[in-house]
Number of protein chains: 2
Amino acid sequence: MRLAERTDEVKASAVRELLKLAKDKKIISFGGGLPSPESFPIKEIERICRRVLKDYGTSPLQYGITEGTEELRTTIAKRMKKFGIKCGKENIIIANGAQEGIDLVTKTFVNPRDVVALEVPSYVGGICCFRVYQSDFLPVKLDSFGMKTDELESKLRKMDRKKRKKVKIIYTIPNFHNPAGVTMTLERRKHLLEIAEKYEIPVLEDDPYVELRFVGEDIPSIKSFDRRDLVLYMSSFSKIFAPGFRLGWIVTNEELADKITIVKQGTDLCTNVFCQYLANEYLKSGAIDRQLPKIRKIYKRKRNVMLEAIYRYFPEGCKCNKPDGGMFLWVKLPKKIDTEKLFAEAVKHKVAYIHGAAFCVDGSGHDSMRLNFSNATEDNIEEGIKRLGKLIKKKLNN
Amino acid sequence: MRLAERTDEVKASAVRELLKLAKDKKIISFGGGLPSPESFPIKEIERICRRVLKDYGTSPLQYGITEGTEELRTTIAKRMKKFGIKCGKENIIIANGAQEGIDLVTKTFVNPRDVVALEVPSYVGGICCFRVYQSDFLPVKLDSFGMKTDELESKLRKMDRKKRKKVKIIYTIPNFHNPAGVTMTLERRKHLLEIAEKYEIPVLEDDPYVELRFVGEDIPSIKSFDRRDLVLYMSSFSKIFAPGFRLGWIVTNEELADKITIVKQGTDLCTNVFCQYLANEYLKSGAIDRQLPKIRKIYKRKRNVMLEAIYRYFPEGCKCNKPDGGMFLWVKLPKKIDTEKLFAEAVKHKVAYIHGAAFCVDGSGHDSMRLNFSNATEDNIEEGIKRLGKLIKKKLNN
């Protein structure tokens, strides 16, 4: 059969294969970006299901409007104030997870051979989506202060005008970066917005981990400084409620919200209505604010267990950041080791991760790996890191 | 901001506006394709929610694999035998409603200016999706026996080879067509498949209403004759369970299923896992087979009420089919009346429908309207048709 050109550019991603592996119960997987099952408020969900069906009858079971239920959009708009974002329900679109948010924004903005500027490394699901839309990339390195905005500015300045016009989105994950774990400083956030304003390039601020800070103080979102409505802010219920419900949202100006809604209509008519009712009840009843401290506590403990195990079992010369929140560590190994090649052996030893190159659109990352610390139990974190450490040492001594 | 070219081709659809109108409780809406709220098995859903959370714990709340849970795909594969379709779980992809199925298939096959062959009239949500992918159309009329396959064949034969290669999909709704209400005969189904085989064009068989037959005998699906794996069969839980759960599925060969799964991964990672568990329990517990006769009974009664009201209140010269199932009537009015212009007046009289032109890619349909008979109450059907009849008579006498 004759497929579309875009289909040729798409390959199975490492994450997909990893999620499959994670189904083998014997493998200790640090691969998928899975929240801890302990973090799901299962008792609350039972209560909320009963409540929603009792109070709202058949409405949660019917089709809903494309942009999302008025109730949930209103509730989210209120909650956004906590992050310095002033908006109303007309600025919000509920999506089938933040991943659909990325897809809808890309669908709305990106022609084949347009350019997406993004961090190296960046979120593999974002990269996969941009590739489907046949995007080219403008890679920008990040360090422990987030995206190197100086590098972004200099690369944009050096581009000729015509090429620069093709840069349609600057994609960034400011808090507890996936995969790098770092958080962008206030200065860099402001600088990024200046650059976006100067060249009139929309920013896609992907912020699913913002509520998972377990150390330090919140930093205002880029969207909170956005006077010219250039930032599309995005977040998700996957890490604060349950990913199985597939709920995320986009905050943007009304005109763009209308455009994106029309694009969404052709994509899937509307987001799961029943789960929108559940999420609204979860927010409005205050259950979320009872749950978040529990999630943060679990994740802080797991991060510590993983960091300590790395210090104990990994050889000299391995570098690892210490994130203030989120779900990921990024480990740089001695250059000698190719983490993609190491992977097959790791799986033989029943431990999995994602190799760094999967996250890097510039061909780098072969010496790095992403480790998810939220999903495995503490005992398995200890054991899995021990196995990985042994493997790495063996490789270095070969 | 500089949007993608595809965004320029997209306009707000009549259906979207209609779904909004349907929120005004005072309007009797025959517009949206909404199932009857009476058809939702709300007591069963309560029971199933409890059961799923009790039996499966946190698994329904976690991310799942992109193609859908093994359990639901296995259960659907078994059920497909009822429709003469032999397949296994590896042939099935669970989508966020059949609408996402259409989107994923289009995304996989259609380049800008490729061609989709489809019936006139056809499903407005499909047309909206094809437009987003900048598709051109090959319109094929339908009559009371379904798509005029002779016309399709003759149009394909007359095309030059290069143009014909651009025809990527033949899109058809064989049972209780949306919007036309007609069912394609066995002969036409076989002829359609012959044409597809001759020119090697995949068929997208969109079959969400198949279980809503309330008169006559089932006709085998096109997919059931498909020896060369050219048919992508699609159906939905929206009309047999609840549309708010956003669940549909695609049946195709393994190779294509893999391709589509990879495309879906970048689109939304996976379909709502919780609702997949609910649907699986709904099928496996036999609740569906207790529910279906109830739904068919409600719809048959409502169809009869609407047909009788049309005979009573509409003027001479209006033509209306009598569907054997599904949710729609298609009414042709005297040429003098433009249903798009009539719409504003209808809304003033608190009654709504969708004008025929919204479903016709060839510019026809101005004298027609689609009436949904599943959603309104019987009293409202009577009252709404009375109001419409009065309006039409007034227009004719002007």
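All figures in this text were calculated on a predicted structure; none of them were measured in a lab. (Residues numbered from 1 in each chain as written. Chains lettered and ligands numbered in written order. Predicted model: local features only at pLDDT ≥ 70, side-chain atom pairs only at ≥ 80, totals over all residues.)

1. As for the overall build of chain A
Working step 1: Summing up its helical and strand segments, chain A has 14 helices and 14 strands in all.
Working step 2: For a compact globule of 398 residues, the expected C-alpha radius of gyration is about 21 Å, and chain A comes in at 21 Å, within 12% of that figure.
Working step 3: For chain A, the C-alpha atoms occupy an extent of roughly 60 × 55 × 55 Å along the three principal directions.
Working step 4: For chain A, the residues scored as buried account for 57% of the 398 residues in total.
Working step 5: Restricting the contact set of chain A to residue pairs at least 6 apart, pairs at least 24 apart contribute 76%. (Helix = DSSP H or I, 4+ residues; strand = E, 2+ residues; numbered from the N terminus. Rg over C-alpha atoms; globule rule 2.2 N^0.38 Å. Buried ≥ 20, exposed ≤ 12 C-beta atoms within 10 Å, placed from the backbone. Contact = placed C-beta atoms within 7 Å.)

2. Comments concerning the nonpolar core
Working step 1: Within the largest apolar cluster, 252 residues are counted, with the highest numbers of intra-cluster contacts made by A:A117, A:L278, A:A279, B:A117, B:L278 and B:A279.
Working step 2: Residues within four places of B:L278 in sequence aside, it is in contact with B:I48, B:C49, B:V52 and B:F245. (Core = buried A, V, L, I, M, F, W, Y, C linked by C-beta atoms within 7 Å.)

3. Some remarks on the sheet that holds strand 7 (residues 203–206) of chain A
All names here are of chain A.
Working step 1: The eight strands are arranged 2-9-8-7-6-3-4-5 in an open sheet whose pairing can be described as mixed. This sheet does not close on itself; its edge strands, each paired only once, are strand 2 (92–95) and strand 5 (146–147).
Working step 2: Relative to strand 6 (residues 167–172), strand 3 (residues 115–120) runs parallel, the two being bridged by four bridges. By the bridge assignment for strand 6, A117 is matched with I170. (Pairing = 2+ DSSP bridges.)

4. Let's talk about the packing of helix 7 (residues 149–158) of chain B against helix 9 (residues 186–199) of chain B
All names here are of chain B.
Working step 1: Two elements in contact, helix 7 and helix 9, have axes separated by 9 Å at closest approach and are oriented at 15°. As summarised for this structure, helix 7 and helix 9 are arranged roughly parallel, according to the angle between their axes. In this structure, the crossing between helix 7 and helix 9 has a hand that is left-handed. Facing T149, L152, E153 and L156 of helix 7, the residues of helix 9 in contact are R188, H191, L192, I195 and Y199. (Axes fitted to C-alpha atoms, helices over the stretch in contact; angles between N-to-C directions. Parallel < 35°, antiparallel > 145°, perpendicular 65-115°, else oblique. Left-handed = near helix turned anticlockwise from the far one by under 90°.)

5. Overview of the domain arrangement of chain A
Residues and elements named next belong to chain A.
Working step 1: Partitioning chain A into structural domains gives domain 1 (5–40 + 292–397) and domain 2 (42–287).
Working step 2: For domain 1 and domain 2, the distance between their C-alpha centres works out to 25 Å.
Working step 3: Between domain 1 and domain 2, the contact holds 33 residues from the first and 36 residues from the second.
Working step 4: Secondary-structure elements contributing two or more residues to the side of domain 1 that touches domain 2 are helix 1 (5–8), helix 2 (14–21), helix 12 (287–313) and strand 11 (328–332).
Working step 5: For the side of domain 1 that touches domain 2, the element with the most residues is helix 12, which contributes five residues.
Working step 6: Class assignment of the residues belonging to the side of domain 1 that touches domain 2 gives a composition of 17 nonpolar, eight polar and eight charged. (Domains from an automatic or database assignment. Nonpolar A, V, L, I, M, F, W, Y, C, P; charged D, E, K, R; others polar.)

6. Let's talk about the pairing of strand 11 of chain A
It is a general feature of regular strands that their side chains alternate between the two faces of the sheet.
All names here are of chain A.
Working step 1: With four of its five residues buried, strand 11 lies for the most part within the structure.
Working step 2: One ladder, built from two bridges, connects strand 10 (residues 319–320) with strand 11; its direction is antiparallel. Its bridge partner lying in strand 11, C320 is registered against V331.
Working step 3: Sheet topology note: the strand 11/strand 14 (residues 368–372) ladder contains five bridges and is antiparallel. Directly across from V331, in strand 14, lies its bridge partner M369.

7. Things to note about the pairing of strand 14 of chain A
Residues and elements named next belong to chain A.
Working step 1: Taken across its five residues, strand 14 has five buried, putting it largely inside the fold.
Working step 2: Taking every second residue as pointing to the same face, both faces of strand 14 are buried, with S368, R370 and N372 on one and M369 and L371 on the other.
Working step 3: By the bridge criterion, two bridges tie strand 13 (residues 354–355) to strand 14 in an arrangement that is antiparallel. If you follow I354 over to strand 14, its bridge partner there is R370.

8. So, the sheet that holds strand 10 (residues 319–320) of chain B
Working step 1: With antiparallel pairing, the four strands of this open sheet are ordered in space as 10-11-14-13 (chain B). Two strands lie at the open edges of the sheet, namely strand 10 and strand 13 (354–355) of chain B, each paired on one side alone.

9. Re the confidence of the model for chain A
Working step 1: Considering every residue of chain A, the mean pLDDT works out to 95; 96% of them sit at 70 or more.
Working step 2: With a pTM of 0.96, the predicted complex shows an ipTM of 0.96. (pLDDT = per-residue confidence, 0-100.)

10. Brief notes about the relation of the copies chain B and chain A
Working step 1: Superposing chain B onto chain A takes a rotation of 180° combined with a translation of 0.0 Å along the rotation axis, leaving an RMSD of 0.0 Å. Overall, the copies show the geometry of a two-fold rotation axis. Distance from the rotation axis, computed per C-alpha, reaches its smallest value in chain B at B:C49: 3.6 Å.
Working step 2: Counting the interface residues of chain B, we find that 98% of their copies in chain A are interface residues as well, pointing to one common contact surface. (Least-squares fit on C-alpha atoms with pLDDT ≥ 70 in both.)

11. Comments concerning the interface of chain B and chain A
Working step 1: Tallying the contact residues gives 65 residues for chain B and 65 residues for chain A.
Working step 2: The residue inventory of the side of chain B that touches chain A, partitioned by class, reads 32 nonpolar, 20 polar and 13 charged.

12. Re unusual backbone geometry
Residues and elements named next belong to chain A.
Working step 1: Of note, the amide linkage connecting V120 to P121 takes the cis form, showing an omega dihedral of 0°.
Working step 2: Inspection of the secondary structure assignment puts P121 in the loop between strand 3 and helix 6 (124–132).
Working step 3: The backbone phi angle of Q134 is positive, close to 60°, even though this residue is not glycine.
Working step 4: Position of Q134 among the secondary structure elements: in the loop between helix 6 and strand 4 (136–143).

13. So, the environment of A:E100
Working step 1: With respect to the helices and strands, A:E100 occurs in helix 5 (residues 97–109).
Working step 2: According to the C-beta neighbour criterion, A:E100 is buried, with 27 such atoms within 10 Å.
Working step 3: In this structure, the C-alpha to C-alpha distance between A:E100 and A:I76, residues 24 residues apart in sequence, is 18 Å.
Working step 4: Ignoring sequence-local partners within four residues, the contact set of A:E100 consists of A:A95, A:G248, B:T267 and B:D268.

14. Some details on helix 3 (residues 42–56) of chain B
Working step 1: Between its terminal C-alpha atoms helix 3 of chain B stretches 21 Å, which fits the 21 Å expected from 15 residues at 1.5 Å a residue.
Working step 2: B:I45, B:I48, B:C49 and B:V52 are the residues of helix 3 of chain B that are buried. Buried residues along helix 3 of chain B cover an arc of 105° about the axis, so they all sit on one side. Facing away from the buried surface of helix 3 of chain B by more than 90 degrees, the exposed residues are B:K43, B:K54 and B:D55.
Working step 3: Where helix 3 of chain B is buried, its residues meet helix 3 (42–56) of chain A together with helix 11 (273–284) of chain B.
Working step 4: Where helix 3 of chain B ends, the next residue or the one after it, B:G57, has phi of about 60°, a positive value. (Expected span 1.5 Å × (residues − 1). Arc of directions from axis to C-beta.)

15. What to know about the packing of helix 6 of chain A against helix 10 (residues 254–268) of chain B
Helix packing for two helices is described by the angle between their axes and how far apart those axes are.
Working step 1: Running from N to C, helix 6 of chain A and helix 10 of chain B cross one another at 115°; their axes reach a closest spacing of 8 Å. Every pair of crossing elements has a handedness; the one defined by helix 6 of chain A and helix 10 of chain B is left-handed. Facing A:G125, A:C128, A:C129 and A:V132 of helix 6 of chain A, the residues of helix 10 of chain B in contact are B:V263, B:Q265 and B:G266.
Working step 2: Here the contact of helix 6 of chain A with helix 10 of chain B is built from residues that sort into four nonpolar, three polar and no charged.

16. Considerations on the environment of A:S221
Residues and elements named next belong to chain A.
Working step 1: Tracing the backbone through its elements, the reader meets S221 in the loop between strand 7 and strand 8 (231–236).
Working step 2: Exposure remark for S221: the 22 C-beta atoms within 10 Å place this residue in the buried category.
Working step 3: Between the alpha carbons of S221 and F343 there is a distance of 36 Å; along the sequence they are 122 residues apart.
Working step 4: If sequence neighbours within four positions are ignored, S221 has contacts with F83, G84, I85, P174, E205, D207 and Y233.

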